[in-house]
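Chain by chain, the residues:
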Amino acid sequence: MTIQERLIMLWQSARRHQVYILGVLGWVIIYLSQPVGSQLPVYAGY
Amino acid sequence: VITSFELYLLTLLLSVPLYWFIGGHSRHGQTALLVAVSVLLQFMLSPLILVGSAAAGAFIAMLWLANMRGVGADTLKPLSWLVFLLLLLPEVVPGKVLASSMLGERAAAVDAIANWAYLGLSFTVIRSFIILRESVSENRLHWAAALSSLTFFGTFLAGPIVGRTPFKLDERAKRLEHASLIQALARLGWGLALLLVVAPRLNGWDLREAEAYAGRAAITWLDIYRSFIALYADFSGYSSIAIATGLLFGIQIPENFRMPLLARSVQEFWQRWHLTLGDFISRYLFKPLVRNTGKPTLAIFVAFVLVGLWHRISWTYLLWGIGHGAALALHMARQRRSKGLDVAPVHWSRQVLAWFVTISYIAILSKIANVDSLGKAGGLLMRLVGMA
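Residues numbered from 1 in each chain as written. Chains lettered and ligands numbered in written order. Predicted model: local features only at pLDDT ≥ 70, side-chain atom pairs only at ≥ 80, totals over all residues. Heavy atoms only, no water.

Novice: Any chance you could explain the overall build of chain B here in plain terms?
Specialist: Secondary structure summary: chain B contains 16 helices and zero strands in total. Its C-alpha atoms give chain B a radius of gyration of 22 Å, near enough to 21 Å, the size a compact globule of 388 residues would have. Its C-alpha atoms put chain B at 65 × 55 × 45 Å along the principal axes. A separation threshold of at least 6 residues defines the contact pool for chain B, and within that pool the share at least 24 residues apart is 73%. A total accessible area of about 19100 Å² is found for chain B, and carbon and sulfur atoms account for 65% of it. Computed over 34 positive and 20 negative side-chain charges, the inter-centroid distance for chain B is 7 Å. (Helix = DSSP H or I, 4+ residues; strand = E, 2+ residues; numbered from the N terminus. Rg over C-alpha atoms; globule rule 2.2 N^0.38 Å. Contact = heavy atoms within 4.5 Å. Areas by Shrake-Rupley, 256 points an atom, 1.4 Å probe, with all protein chains shown as cover. Lys, Arg positive; Asp, Glu negative; His and termini not counted. Charge placed at Lys NZ, Arg CZ, Asp CG, Glu CD.)

Encoded structure:
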């Protein structure tokens, strides 16, 4: 298997598990950014 | 001090296990718990939100009573639009006055809360409309599902916009699957990070210091992209949390975004951004307008002007509606002209250009919509071209 094929496989696998990868990343971001949510978020209008 | 972040997690931690415990005995008990928790949360955030929900609920009940007394679908359908009149409520009753009288000591946060309540109202109104329309076409209210949809704390502030269908007992999961739980926790983490860390950090980034190194116009452009990406982080983060919350209660809330920042035309943007609003526009505004006028380009324009005013009744949101409506109408007119002709594949450089122009155009419209007055919007445009 060439490096290119390996990279493509890795990318496809990451896409399949995107939700979980982003989820772990999200919790890490929250953990590192404590305290979060001390203010009410102000929605600017959608 | 309990922050909104902790409050949300605490609510989930307490209500989700109780919800599934009750589910073993009574599924209607589950609905009752869901509504009770939602109403309590709405009250804690702002009594204003509860006022909005109650008014919308009363409107649904009124029309449904009329239906039971024999008023037909042909009368009820146009009447259901009247629910949008509730959007005038904050215009006739100054939100700040109302909020400070209701909140007392918490009045310091009045601006934030009034804003929040306002937005909650926009979504409550549109949700009520869809619930009414679904009920009229199925000739059944499904009141428990309607009530849970109207109040559900996962979606009440900012969607995704759903009617009562995913809240019906036979649509809801009977047990919390392991896979759903893991997926919900992942989406919750990503959504909270976007909403509570990424969006506020982007918005809080002080660009005035950078003005020493770059021109004022360049900083204004940077500010526009920054605000737009922050808006996307905020909104998609919120939707992600809502979908995760739905999953935890066995309720399937639809997706709201499909990588909107990749859009290469305003039309494509609306196939990727706020999908549930797009569904509403297409089903209840665009298609009926086409049927009545026979002019799709006029219909899309009018639909988006109205949607602009749904966001907020102001001159700047009217401009937002005109901007989106005009771009979509032009796009549609061009597509109709080239129908049947052989269209050559578009070169990648033109696609990149189209992407850049589209995202810039939409980001400028979003920024304009959220300034206080037309004068300020004009000033912003002048700064963009280096004339102020």
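Now that the structure has been shown, the text picks up again.
Novice: What am I meant to see in the overall build of chain A here?
Specialist: Summing up its helical and strand segments, chain A has two helices and zero strands in all. Out of the 46 residues in chain A, the part that is buried amounts to 22%. Here chain A displays about 3600 Å² of accessible surface, and carbon together with sulfur accounts for 66% of that area. (Buried < 20%, exposed > 50% of the residue type's maximum accessible area, 1.4 Å probe, protein only.)

Novice: Would you mind going over the nonpolar core with me for this structure?
Specialist: General note: in soluble globular proteins, nonpolar side chains tend to be found buried as a group. Counting 101 residues, the largest nonpolar core has B:Phe84, B:Phe153, B:Phe249, B:Trp270, B:Leu277, B:Phe280 and B:Trp310 as the members making the most contacts within it. With ten residues, helix α10 (residues 216-248) of chain B is the largest single contributor of residues to this core. (Core = buried A, V, L, I, M, F, W, Y, C linked by side-chain atoms within 4.5 Å.)

Novice: Would you mind going over the environment of B:Ile22 with me for this structure?
Specialist: Residue and element names in this part refer to chain B. For Ile-22, the position within the fold is in helix α1 (residues 4-23). Sequence separation between Ile-22 and Leu-176 is 154 residues; the distance between their C-alpha atoms is 13 Å. Those residues in contact with Ile-22 that sit more than four places away from it in its chain are Gly-29, Gln-30 and Leu-33.

Novice: What is the right way to read the pattern of salt bridges from this model?
Specialist: Where charged atoms from two side chains of opposite charge approach closely, those side chains can pair. Residue and element names in this part refer to chain B. As enumerated under the stated definition, the model contains nine salt bridges over all chains in all. Measuring nitrogen to oxygen at the nearest pair gives 3.0 Å for the salt bridge that ties Lys-168 to Glu-138. Of this pair, Lys-168 sits in the loop between α8 (143-151) and α9 (178-204) while Glu-138 sits in helix α7 (residues 110-138); the two residues are 30 residues apart in sequence, bridging distant segments of the chain. Here Glu-138 falls in the partly exposed class, since its relative accessible area comes to 40%. Across the salt bridge formed by Arg-272 and Glu-268, the nearest N and O atoms sit 3.0 Å from each other. (Salt bridge = Lys/Arg side-chain N within 4 Å of Asp/Glu carboxyl O.)

Novice: Mind showing me how you'd approach a nonpolar patch on the surface here?
Specialist: A surface patch of nonpolar side chains, about 640 Å² in accessible area, is lined by B:Trp348, B:Val352, B:Leu353, B:Trp355, B:Phe356 and B:Val357. Looking at the element boundaries, B:Phe356 is found in helix α15 (residues 348-369). (Patch = residues over 30% accessible without salt bridge, like charges linked within 9 Å, V, L, I, M, F, W, Y side chains within 5 Å.)

Novice: Any chance you could explain the packing of helix α3 (residues 47-68) of chain B against helix α4 (residues 73-80) of chain B here in plain terms?
Specialist: Geometrically, a packed helix pair is captured by the angle between its two axes and the distance between the axes. Residue and element names in this part refer to chain B. Between α3 and α4, the least distance of the axes is 10 Å, while the angle of their chain directions is 165°. Taken together, the axes of α3 and α4 lie roughly antiparallel to each other. Considering only the axes of α3 and α4, their crossing is right-handed. Listed contacts from α4 to Phe-59, Leu-63 and Asn-67 of α3 are Leu-76, Leu-79 and Ser-80. Looking at the contact of α3 with α4 residue by residue, the class counts come to four nonpolar, two polar and no charged. (Axes fitted to C-alpha atoms, helices over the stretch in contact; angles between N-to-C directions. Parallel < 35°, antiparallel > 145°, perpendicular 65-115°, else oblique. Left-handed = near helix turned anticlockwise from the far one by under 90°. Nonpolar A, V, L, I, M, F, W, Y, C, P; charged D, E, K, R; others polar.)

Novice: What should I look at first to understand α15(B) in this one?
Specialist: All names here are of chain B. Here α15 contains 22 residues, and its C-alpha end-to-end distance of 32 Å stays within 8% of the 32 Å for a straight helix at 1.5 Å per residue. The set of residues buried in α15 consists of Thr-358, Ile-359, Ser-360, Ile-362, Ala-363, Ile-364, Leu-365, Ser-366, Ile-368 and Ala-369. Looking at the packing, one finds that the buried side of α15 touches α10, α11 (266-270), α14 (315-337) and α16 (374-384). (Expected span 1.5 Å × (residues − 1).)

Novice: Explain the side chain of B:Thr155 to me, please; I cannot follow it from the model alone.
Specialist: Residues and elements named next belong to chain B. Mapped onto the secondary structure, Thr-155 falls in the loop between α8 and α9. When its relative accessible area of 0% is taken as the criterion, Thr-155 is described as buried. The residues contacting Thr-155, other than those within four sequence positions of it, are Arg-127, Pro-160, Tyr-238, Ala-242 and Ile-253.

Novice: Looking at this structure, how should I read unusual backbone geometry?
Specialist: Only a minority of non-glycine residues have a phi that is not negative, and only a minority of peptide bonds are not trans. All names here are of chain B. Located in the positive-phi region is Asn-139, a residue other than glycine, with phi close to 55°. Relative to the elements of secondary structure, Asn-139 occurs in the loop between α7 and α8. Within the chain, His-274 stands out as a residue other than glycine whose phi angle is a positive 45°. Positionally, His-274 belongs in the loop between α11 and α12 (275-293).

Novice: Can you help me understand a positive patch on the surface in this one?
Specialist: Residues and elements named next belong to chain B. Among the surface-exposed residues, Lys-77, Arg-283, Lys-287 and Arg-291 lie close enough to one another that they form a single positively charged patch. The element best represented in the positive patch is α12, accounting for three residues. Its location among the elements puts Arg-283 in helix α12. Overall, Arg-283 belongs to the exposed group, its relative accessible area being 54%.

Novice: Please clarify how the side chain of B:Ser360 should be interpreted in this entry.
Specialist: Residue and element names in this part refer to chain B. Inspection of the secondary structure puts Ser-360 in helix α15. Judged by its relative accessible area of 8%, Ser-360 falls in the buried class. Ser-360 has contacts with Trp-221 and Tyr-225, leaving out every residue within four places of it along the chain.

Novice: Any chance you could explain the packing of α15(B) against α16(B) here in plain terms?
Specialist: Residues and elements named next belong to chain B. Direction vectors running N to C along α15 and α16 enclose 145°, while the axes themselves pass 9 Å from each other. α15 and α16 meet at a crossing whose hand is right-handed. Contact residues: Ile-364, Lys-367 and Ile-368 in α15; Ala-377, Leu-380, Leu-381 and Leu-384 in α16. Of the residues belonging to the contact of α15 with α16, the class tally is six nonpolar, no polar and one charged.

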